[in-house]
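Each chain is listed here by its residues.
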Amino acid sequence: MRKNLFRYVKENFLNMINIRLIVLSVIFIFLGGAMIYRVFDLQIVRGEGYLNDFRLKTTKVRSLASTRGNIYDRNGNYLAYNELAYNVTIEDVYESGRNKNANLNGTIYKLIQMIESNGDSIIKDFNIIIDKAGNYAFAVEERQLERFLADVYGYVSYDAMLEDTKKGYTYATKTAEEVVFDLCSSDRFGIGDYTDPSDRSTFVPGMGYTKKEALQILTIRYAMNANSFQKYIATTVAYNVSEETVAVVMENSGELEGVSVAEDTIRKYVDSVCFSQILGYTGKASPDDLAALKEQNPAYDLNDTVGKAGIEYSMEARLQGTKGSENVVVDNMGKVIETNNRKEPVAGNDLYLTIDKELQETVYNILESKLASILLTKIRNIKEYTPGENAGSSDILIPIDDVYFALINNNIIDTSHFSEPEAGENEQEVYHRFLEKKERVLDSLRQELTENKTPYHALPQEYQVYQSYITSMLYADSVIAEGKLDTADETYIAWTKDEVISLNEYLNHAIAKNWVDVGKLELEGKYSDSEEIFNKLLDYIFGKLGQDTGFDKKIYKYMIRSNEISGYQICQILLEQELVNVAEEELARFSSGRLSAYDFMCNRISSLDITPAQLALDPHSASLVLTDVNTGEVLALVSYPGYDNNRMANGVDAEYFSSLLNDLSTPMINYATYQKTAPGSTFKMVAATAGLMEGVIDTSLTVKCTGTFDKIDPLSPPHCWIWPRGSHGLLNVSEAIQHSCNNYFYELGYRLGTAGDRYLSDIGLEKLTKYADMYGLTETSGVEIEESAPQVSNTDAVRSSIGQGTNNFTTVGLARYITTVANSGTCYNLTLLDKLADHDGNIIEDYQAEVRNRIEMDASYWDAIHSGMRKVVEGKHYFNDLDVHAAGKTGTAQESKSRPNHALFVCYAPYESPEIAMAVRVANGYTSDYTAQIARDVIMYYYNLADEEEITGSAEELAGGSLNAD
């Protein structure tokens with residue numbers, strides 16, 4: 001072999017005109033052909049007397065992704081499946097050299113134009129977006145942002161990057177604009193151009209491209225870079241493209257080097273908004289994902305699509321399947337020459353959930369309709385709500401101006417469109433007035449900061465808001481370093497608490513105390529006096545405010561309040577931006593002035609043209625969990641609002657993800673499993689169980705309610721909810737549950753904590769915790785998705801017995817509790833899983849809810865509790881005509897006096913022979929009657945007593961109902 005090679009090179013050396021090939025030949029000879037041959041194939045093709053092709057070939061193993069298993073509901077309906085799609089990919093086959101970036105970027109630019117010309121979109125999973133103000137902004141926060149910055153600048157971890165920050169590097173504090181600049185620079189991806197092509201030092205990142213174009217190219221280059229360690233791995237540029245895009249890419253393949261169209265599958269979710277909180281979504285494995293996954297299966301790599309949340313995450317190992325493989329022969333440029341030895345992948349297993357698809361969807365719609373109806377009962381045609389002297393949380397009203405502003409505040413109305421050439425008449429008028437208003441505001445603020453120096457308490461409320469925004473901005477940007485603040489400092493207190501000094505005085509004091517990070521300011525010299533620092537601080541403040549959309553929203557708020565923007569204009573802008581659908585007859589009435597802006601807006605809410613989630617006013621969120629009481633299976637687990645997980649799978653849409661993070665209704669929170677509030681009076685069955693089992697009460701013992709309980713704190717005693725209007729008198733335990741008498745349960749808590757003639761709260765709390773544990777309230781519920789840990793109260797046994805103290809539980813936790821009540825003592829670890837089958841339909845595993853524990857309690861005690869719950873429902877007139885009898889318990893929980901109470905209801909049905917149980921929560925839902933009405937509607941649907949259309953109706957028809965206290 002070696003002799004033949006020497007002879008060939010000697011004979012053909014002068015014909016080898018490619019210097020690179022000569023070098024490769026020489027290296028090959030000196031290293032020893034026989035040894036190298038074991039690793040590389042030397043392909044030599046003889047032409048007409050000269051060497052035509054001389055390439056080193058490497059054979060590597062390429063993994064082949066398996067098809068992810070489908071997810072079904074209990075009845076075999078699809079919830080998640082895979083759909084055949086055409087994806088556009090690009091492979092880095094470009095020769096290294098000074099023109100590589102320009103050539104590759106040019107190809108990507110052409111490719112983007114082709115894809116978008118046919119209405120398709122490229123990937124948007126880069127963690128930087130262009131915000132409403134047209135600036136680059138991070139699409140992720142906190143830990144995800146830290147991980148992203150570490151990856152961009154080549155650190156194994158954020159902590160390692162921080163270590164270099166201490167040495168003077170600034171990677172950890174880079175802005176989105178700076179990250180884009182760095183990545184576009186000539187020593188990274190070279191996205192830009194030279195002002196002088198003959199001078200390599202004149203490269204300007206981004207030059208020749210719009211911000212959008214530069215970001216699009218950068219998104220693809222960054223994704224390609226993630227695959228750079230395996231050149232033969234293609235990077236997906238666009239998912240699920242149209243046939244038109246396929247055709248144009250194929251037609252232009254000659255000028256699109258490395259670009260291909262690949263058949264693949266994409267993950268699809270059915271009725272995604274209703275199921276997103278259960279199913280979660282899939283995405284490319286991150287380094288953090290990979291570290292955990294490799295512990296279970298070393299075959300995982302960064303190119304794998306894995307579960308990111310929900311069932312997709314928790315059942316990843318069962319859904320993933322087994323990869324295939326093939327040998328890939330590549331040349332020294334990374335080009336694939338041939339493939340062989342293919343081993344086909346094995347599809348993942350199919351998963352069936354206990355969820356009923358139609359029930360889940362209907363419950364979601366019921367929650368949305370009821371939230372809208374609550375809003376309609378509280379919205380008034382007023383500009384501001386001023387509570388009366390004795391007004392409580394249930395009396396809070398929603399001014400219509402708050403509704404108008406909510407559309408801007410939660411980004412439903414796109415204010416950035418106001419300045420576009422195609423903006424509507426009202427958009428343009430509002431924008432013109434806004435610019436004038438903003439100029440006046442900024443001038444007034446500058447005058448306050450430099451001349452007037454009015455103490456904060458003497459400012460108009462509007463300017464107090466503006467100045468508070470300025471300080472919050474300075475803290476958030478670390479211009480004022482919160483870690484350096486002396487909270488005991490007199491001037492600090494005078495500004496933050498007493499509010500008796502001006503912002504000018506506070507900022508100058510912050511400079512004098514070295515609380516201001518001058519490195520954030522554009523100071524000319526190394527040393528600057530206080531006046532220069534203050535002036536540069538002003539430049540920073542007004543520079544930021546000039547393009548701060550959050551500050552702009554404050555201005556819009558006060559423009560609406562002062563009638564500089566009218567309700568009519570807000571409604572017209574909804575129409576101009578095509579955000580609502582309005583019948584022609586109603587539109588004509590509105591346009592002619594026969595229908596007021598107030599009524600027009602209420603109609604939009606009633607018809608769900610504008611949803612509670614979009615307004616993000618109180619209430620805007622709700623959750624409901626419904627179980628089979630005899631099996632512990634979860635039939636519905638609903639969180640409102642949801643999100644579209646189709647836009648999170650197959651490459652995260654960074655803009656959409658950013659919009660979710662900024663959505664004031666926080667749709668990515670699973671309100672059924674994450675949100676915890678006090679249970680209110682729904683906890684009273686736990687207290688009743690404790691009292692009966694500990695012998696401090698029995699089923700016939702009566703306690704007199706006087707409205708006030710003064711045994712523990714005579715100066716500030718707790719009261720029954722009925723006080724000061726009256727009292728309940730003598731009640732036994734069933735009647736105490738029926739009337740939700742606080743005094744009865746105060747007494748019960750007091751007795752639980754009484755040892756001899758002494759009351760010790762800790763003893764009472766220990767007993768309450770013991771019985772809360774029996775109902776599963778000390779641990780997560782068992783469902784196979786992420787869930788917050790519960791908290792049983794550790795303070796004040798008397799108040800804790802009515803669900804106050806520090807009790808905090810999730811809706812799914814309350815669902816397990818009420819399931820245990822309904823079936824008289826069997827506490828399950830709830831489950832969402834029904835069965836697992838292979839891709840041929842063979843059952844691999846049949847899941848069942850585990851019995852956590854059983855409560856052994858006298859039947860008469862159960863009867864007393866059940867009887868009290870039945871009487872609760874009998875006292876609700878909206879249950880009167882229900883053919884299926886139910887039993888339940890209401891609860892309200894106050895979190896803030898300035899916001900409505902949380903509303904809760906737990907119940908089961910049928911009363912005589914329980915089959916289902918449910919827990920309902922409406923955060924800031926005013927009164928538990930609303931949640932009870934939701935439960936009634938779900939029972940009606942479940943037992944076919946009414947169809948969905950009859951139940952949901954319009955929100956206006958649903959508004960109203962009894963508002964009795966619980």
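These figures come from a predicted structure and were not determined experimentally.

## Concerning the overall build of the protein
Counting its secondary structure elements, the protein contains 36 helices and 30 strands. Against the 2.2 N^0.38 benchmark of 30 Å for 966 residues, the protein shows a C-alpha radius of gyration of 34 Å, consistent with a compact globule. Along the three orthogonal principal directions, the C-alpha set of the protein runs to about 115 × 80 × 65 Å. Here the protein, with 966 residues, has 52% of them falling under the buried criterion. As presented, the protein carries roughly 43200 Å² of accessible surface, and 46% of it is formed by carbon and sulfur atoms. Side chains of the protein give 87 positive and 140 negative charges; the mean places of these two sets differ by 6 Å.

## Remarks on the packing of aromatic side chains
Scanning the entire structure with this criterion turns up 38 aromatic pairs. Considering the side-chain rings of Tyr506 and Trp515, the 6.5 Å spacing of their centres and the 50° angle between planes classify their relative orientation as tilted. Tyr506 gets classed as buried once you look at its relative accessible area, which sits at 0%. Looking at Trp515, the relative accessible area reads 3%, which means it is buried. With a centroid separation of 5.5 Å and an interplanar angle of 45°, the aromatic rings of Tyr878 and Phe879 are classed as tilted. Each member of the pair, Tyr878 as well as Phe879, is classed as buried. Three or more aromatic residues joined by ring pairs make a cluster, and in this case those are Tyr456, Tyr492, Trp495, Tyr506 and Trp515. Stacked on the ring of Phe542, the Lys or Arg Arg446 has its end atom at 4.2 Å from the ring centre.

## Quick word on the side chain of Ser502
Position of Ser502 relative to the elements: it lies in the loop between α18 (490–496) and α19 (503–512). Residue Ser502 is classed as buried on the basis of its relative accessible area of 6%. If near-sequence neighbours (up to four positions away) are discounted, Ser502 is found in contact with Lys453, Thr454, Pro455, Tyr456 and Trp495.

## Examining the environment of Asn743
Take Asn743: it is sitting in helix α29 (residues 742–752). According to the relative accessible area criterion, Asn743 is buried, its value standing at 3%. If sequence neighbours within four positions are ignored, Asn743 has contacts with Cys705, Thr706, Gly707, Thr708, Phe709, His719 and Cys720. Polar contacts involving the side chain of Asn743 include one to the main-chain amide nitrogen of Cys720, which spans 3.5 Å.

## Some details on the sheet that holds strand β18 (residues 622–628)
Taken in spatial order, the 5 strands make up an open sheet running β19-β18-β30-β29-β28, and their pairing is antiparallel. The open sheet has two edge strands with one neighbour each: β19 (634–640) and β28 (887–893). Neighbour-to-neighbour, the strand axes of this sheet turn through a mean angle of 5°, independent of strand direction. Sheet topology places β18 next to strand β30 (residues 916–922); 7 bridges connect them, and they run antiparallel. Its bridge partner being in β30, Thr627 is matched across the sheet by Ala917.

## Remarks on the nonpolar core
Ranked by internal contacts, the top residues of the largest apolar core, which has 258 residues, are Tyr506 and Leu637. Counting residues per element, this core draws most heavily on helix α14 (residues 357–378), which supplies 10 residues. Sequence-distant contacts of Tyr506, that is, excluding residues within four places in its chain, are made with Tyr475, Ile480, Leu485, Thr491, Tyr492, Trp495, Ile501 and Trp515. Membership of the second largest hydrophobic core comes to 5 residues, among which are Ala285, Leu293, Tyr300 and Val306.

## Remarks on the side chain of Asp304
Relative to the helices and strands, Asp304 is located in the loop between α11 (287–296) and β12 (305–307). Polar side-chain contacts of Asp304 include one of 2.8 Å to the backbone nitrogen of Asp301. A distance of 2.7 Å separates a polar atom in the side chain of Asp304 from a polar atom in the side chain of Lys323. Those residues in contact with Asp304 that sit more than four places away from it in its chain are Gly283, Lys284, Ala285, Ala299 and Lys323.

## Side note on the packing of helix α17 (residues 461–476) against helix α20 (residues 530–545)
As a packed pair, α17 and α20 sit with axes 11 Å apart at the nearest point and diverge in direction by 105°. By the angle class used here, α17 and α20 are roughly perpendicular. Facing α17, whose interface residues are Tyr469, Ile470, Met473 and Leu474, α20 presents Leu537, Tyr540, Ile541, Lys544 and Leu545.

How each quantity is defined
- Residues numbered from 1 in each chain as written.
- Predicted model: local features only at pLDDT ≥ 70, side-chain atom pairs only at ≥ 80, totals over all residues.
- Heavy atoms only, no water.
- Helix = DSSP H or I, 4+ residues; strand = E, 2+ residues; numbered from the N terminus.
- Rg over C-alpha atoms; globule rule 2.2 N^0.38 Å.
- Buried < 20%, exposed > 50% of the residue type's maximum accessible area, 1.4 Å probe, protein only.
- Areas by Shrake-Rupley, 256 points an atom, 1.4 Å probe, with all protein chains shown as cover.
- Lys, Arg positive; Asp, Glu negative; His and termini not counted.
- Charge placed at Lys NZ, Arg CZ, Asp CG, Glu CD.
- Phe/Tyr/Trp six-rings, centres within 6.5 Å; stacked < 30°, edge-to-face > 60°.
- Lys NZ or Arg CZ within 6 Å of the ring centre and 35° of its normal.
- Contact = heavy atoms within 4.5 Å.
- Polar contact = N/O pair within 3.5 Å; in protein donor to acceptor, adjacent residues only side chain to side chain.
- Pairing = 2+ DSSP bridges.
- Axes fitted to C-alpha atoms, helices over the stretch in contact; angles between N-to-C directions.
- Core = buried A, V, L, I, M, F, W, Y, C linked by side-chain atoms within 4.5 Å.
- Parallel < 35°, antiparallel > 145°, perpendicular 65-115°, else oblique.

Scope: geometric values only; no functional claims are made or implied.
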